[in-house]
Amino acid sequence: MNSDVQIAGDPLAIPHLLPPVPAHPSTVSAFAGLARTIAADRDGWAPLVQYDATSRWYHRLRTGPGYEVWLLSWVPGQGSGAHDHGRSSGVLTVLQGELTERVGTRGARHTLRAGAQRVFAPGYVHDVVNDALEPAVSLHIYFPGLTEMPLHPTQSAELPAGAGADALGALGG
């Protein structure tokens, strides 16, 4: 008597029986996974990083159907200002160093250390700053690609003082 494996052969050797591999990420989880994969390839991104004392440095690392990946560096004291990302959702991943994220114009602070991820939807207002004494590097994936970054007024006097919650691995922040 023949088994199914004997009749059909090794299913891994028959590509037409396997589900198609997506050409690009299509879920929030897949974009977060892409960010982790790129972060793990330090030899791929680290040689590209530059530091600019006058403004944040950025480099478009990759584009795909409907998304783009940016590499940013932050010297101590540099920040983004309170902003949103228009119609884009995104994933922020800290690759090196430490960044502080302030959520909303009067929201909580989160300390983001290397490996931390934040996922956000359109309309998510935040301010990211390097409050540390060492430079930092971050990876940003936007889907769809970033076309606007409206600034919002800050109300820093109303922000809570002290250390924020550790956002290591936080999703949907």
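These numbers come from a predicted model, not from an experiment.

### Considering the side chain of histidine 110
(1) Moving on: In this structure, histidine 110 sits in strand 5 (residues 109-113).
(2) Moving on: A distance of 3.5 Å separates the side chain of histidine 110 from the side chain of arginine 118, its partner in a polar contact.

### Examining the pattern of salt bridges
Note that side chains of opposite charge can pair when their charged atoms are close.
(1) Moving on: A complete count under the given rule lists five salt bridges for this structure.
(2) Moving on: Of the charged contacts in the structure, one is a salt bridge between arginine 60 and glutamate 68, with a shortest N-O distance of 3.0 Å.
(3) Moving on: Put simply, aspartate 127 and arginine 102 hold a salt bridge, and the shortest N to O gap is 3.4 Å. With aspartate 127 in strand 7 (residues 126-129) and arginine 102 in strand 4 (residues 98-103), the pair connects residues that are 25 residues apart, well separated along the chain.
(4) Moving on: With relative accessibility at 12%, the residue aspartate 127 sits in the buried group.
(5) Moving on: Residue class for arginine 102 comes out buried when judged on its relative accessible area of 14%.
(6) Moving on: Sharing partners across several salt bridges, the network here consists of Arg102, Asp127 and Asp131.

### Here we look at unusual backbone geometry
(1) Moving on: Omega for the peptide link from phenylalanine 143 to proline 144 comes to -5°, which places this bond in the cis form.
(2) Moving on: Inspection of the secondary structure assignment puts proline 144 in the loop between strand 8 (136-143) and strand 9 (165-166).

### Section: the packing of aromatic side chains
(1) Moving on: Tallied over the full model, the rule gives five aromatic pairs.
(2) Moving on: With centroids separated by 5.3 Å and ring planes inclined at 75°, the aromatic side chains of phenylalanine 31 and tyrosine 67 adopt a geometry described as edge-to-face. Linking phenylalanine 31 in helix 2 (residues 28-40) with tyrosine 67 in strand 2 (residues 67-74), this pair joins segments that are 36 residues apart in sequence. Each member of the pair, phenylalanine 31 together with tyrosine 67, is buried.
(3) Moving on: You can call phenylalanine 31 buried: its relative accessible area is 5%.
(4) Moving on: By the ring-pair criterion, three or more aromatic residues cluster together here, those being Phe31, Tyr67 and Phe143.

### Regarding the UniProt feature "binding site: Fe cation" (unreviewed entry) in the protein chain
(1) Moving on: Sequence positions flagged by UniProt for "binding site: Fe cation" (unreviewed entry) are, in local numbering, His83, His85 and His126. A maximum C-alpha distance of 9.5 Å is found for the annotated residues, which run over 44 residues; spatially they form one tight group.
(2) Moving on: Looking at the secondary structure, you find histidine 85 in the loop between strand 2 and strand 3 (89-96).
(3) Moving on: Beyond its immediate chain neighbours, meaning those up to four positions away, histidine 85 contacts Phe120, Tyr124, His126, Tyr142, Leu146, Glu148 and Met149.
(4) Moving on: Position of histidine 126 relative to the elements: it lies in strand 7.
(5) Moving on: In this structure histidine 126 comes out as buried when scored by relative accessible area, which is 3%.

### Focus on the nonpolar core
(1) Moving on: Tyr67, Leu71, Val91, Leu139 and Ile141 are the most contacted members of the largest nonpolar core, which has 17 residues in total.
(2) Moving on: Elements supplying a minimum of two residues to this core: helix 2, strand 2, strand 3 and strand 8.
(3) Moving on: Excluding its chain neighbours within four sequence positions, the residues that come into contact with tyrosine 67 are His24, Pro25, Phe31, Leu34, Arg62, Ile141, Tyr142, Phe143 and Gly145.
(4) Moving on: Membership of the second largest hydrophobic core comes to 13 residues, among which are Leu72, Leu99, Ala136 and Tyr142.

### Here we look at the pairing of strand 1 (residues 57-64)
(1) Moving on: In terms of strand pairing, strand 1 meets strand 2 through seven bridges, oriented antiparallel. Across the sheet, the residue bridging to glycine 64 is tyrosine 67, located in strand 2.
(2) Moving on: Hairpin connection from strand 1 to strand 2: two residues lie between these consecutive antiparallel strands, with glycine 66 at a positive phi of about 85°.

Rules used throughout
- Residues numbered from 1 in each chain as written.
- Predicted model: local features only at pLDDT ≥ 70, side-chain atom pairs only at ≥ 80, totals over all residues.
- Heavy atoms only, no water.
- Helix = DSSP H or I, 4+ residues; strand = E, 2+ residues; numbered from the N terminus.
- Polar contact = N/O pair within 3.5 Å; in protein donor to acceptor, adjacent residues only side chain to side chain.
- Salt bridge = Lys/Arg side-chain N within 4 Å of Asp/Glu carboxyl O.
- Buried < 20%, exposed > 50% of the residue type's maximum accessible area, 1.4 Å probe, protein only.
- Phe/Tyr/Trp six-rings, centres within 6.5 Å; stacked < 30°, edge-to-face > 60°.
- UniProt positions renumbered as here; feature names shortened; annotations may be inferred.
- Contact = heavy atoms within 4.5 Å.
- Core = buried A, V, L, I, M, F, W, Y, C linked by side-chain atoms within 4.5 Å.
- Pairing = 2+ DSSP bridges.

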